[in-house]
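# Commentary on secondary and tertiary structure
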Amino acid sequence: MSHPLLHLRDGPVAHLRLNRPDVHNAFDAMLIAALTGALEAVGSDPTVRVVIIEGEGASFSAGADLNWMRGMASASEDENREDSLALARLMRTLNELPKPTIARVHGAAFGGGVGLVACCDIAIGAFGAKFGLTESKLGLLPAVISPYVIEAIGARQARRWFASAEIFDAAQAHRMGLLHEAVDAEDLDATLQRQVELLLKAGPVASAQAKALVRQVSAHTDGARHDADNAALIARLRVSKEGQEGLGAFLDKRRPGWCE
């Protein structure tokens, strides 16, 4: 049996490739555990600068595996809760990973596959990709992935797509913010590579902390505390090794050391 996840490296770029092409990279317990473990590993690896989530074969991820769902349908409520918590841990690990993440989306992205897209910092998809939050067709809801999908597309859009289980295309995904870019399939890898190159030109610490800053700012309700926290952050960055190198390189009109 092949491993459900391929972990590939291209210098500082880690490719985590879902590897169940015969079922369109649908989730089961083994894939969830493998992807969570791989994310935890790359998150703590100082040699990794960018993480790409992608799918082997015809699709990105078609959501939950039918055989896995059949098994959970006959399991107890407690067993289903534990199973759902494993998926929740995966999504939170990806969402809070201290590395920039990119989703490379092609083919089908349904259910939990949409969750992966929403949890990535940057999402680039091919025009032929199809998306769906189809759980309501089964009398269910995309509860575990809902915080990330709602953050990506907004509450008003989520109310429609969660309830209707409609399939939508890459152009619609782009319009409502699930995808940052939608491109022709033949341009997908070139577009992805351009984004990687931009991330590698950014300071590694600054790039890694960007999502934490956005999360903190979004959560703040106290304006004065907000200002104080942001001032403290920029002060720390300015005197840090990376900040000093970045400022020095700019003033000296040279490339910073992390680009060498």
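Our subject is the structure listed above.
Summary of the structure given here. Source: prediction; values computed, not measured.

Time to look at the pairing of strand β6 (residues 122-126). Judged by how many residues are buried, β6 sits mostly within the fold: five of five residues are covered. Side-chain alternation along β6 places I122, I124 and A126 on one buried face and A123 and G125 on a second face that is also buried. Pairing of strand β4 (residues 101-105) with β6, which is carried by four bridges, proceeds in the parallel orientation. Paired with V105 across the bridge in β6 is G125. In this sheet, strand β9 (residues 181-183) lies alongside β6 in parallel orientation, the contact comprising three bridges. Within the sheet, the bridge partner assigned to G125 lies in β9 and is A182.

Before going further, it helps to spend a moment on the sheet that holds strand β5 (residues 108-110). As summarised here, the arrangement of the three strands in space is β5-β7-β8, forming an open sheet in which the pairing is mixed. The open sheet has two free edges, formed respectively by β5 and β8 (167-169), since each of these has just one partner strand. Direction aside, the axes of adjacent strands within the sheet are offset by 25° on average. Note that β5 and strand β7 (residues 130-132) share three bridges and pair parallel. In the sheet register, F110 faces β7, and the bridge partner there is G132.

This brings us to the packing of helix α3 (residues 77-95) against helix α4 (residues 112-119). Packing of α3 against α4 leaves a shortest axis separation of 8 Å and a crossing angle of 25°. On the basis of their axis angle, the class for α3 and α4 is roughly parallel. For the pair α3 and α4, the sense of crossing is right-handed. Together, L90, M91, L94 and N95 of α3 and G112, G115, L116 and C119 of α4 make up the contact between the two elements. Taken together, the residues of the contact of α3 with α4 sort by class into five nonpolar, three polar and no charged.

This brings us to unusual backbone geometry. Within the chain, H24 stands out as a residue other than glycine whose phi angle is a positive 55°. When you line up the elements, H24 lands in the loop between β2 (13-18) and α1 (29-43). With a relative accessible area of 36%, H24 lands in the partly exposed category. Positive phi is not limited to glycine here, since N25 has a value of about 60°. Structurally, N25 is set in the loop between β2 and α1.

About the cut-offs
Residues numbered from 1 in each chain as written. Predicted model: local features only at pLDDT ≥ 70, side-chain atom pairs only at ≥ 80, totals over all residues. Heavy atoms only, no water. Buried < 20%, exposed > 50% of the residue type's maximum accessible area, 1.4 Å probe, protein only. Helix = DSSP H or I, 4+ residues; strand = E, 2+ residues; numbered from the N terminus. Pairing = 2+ DSSP bridges. Axes fitted to C-alpha atoms, helices over the stretch in contact; angles between N-to-C directions. Parallel < 35°, antiparallel > 145°, perpendicular 65-115°, else oblique. Left-handed = near helix turned anticlockwise from the far one by under 90°. Contact = heavy atoms within 4.5 Å. Nonpolar A, V, L, I, M, F, W, Y, C, P; charged D, E, K, R; others polar.

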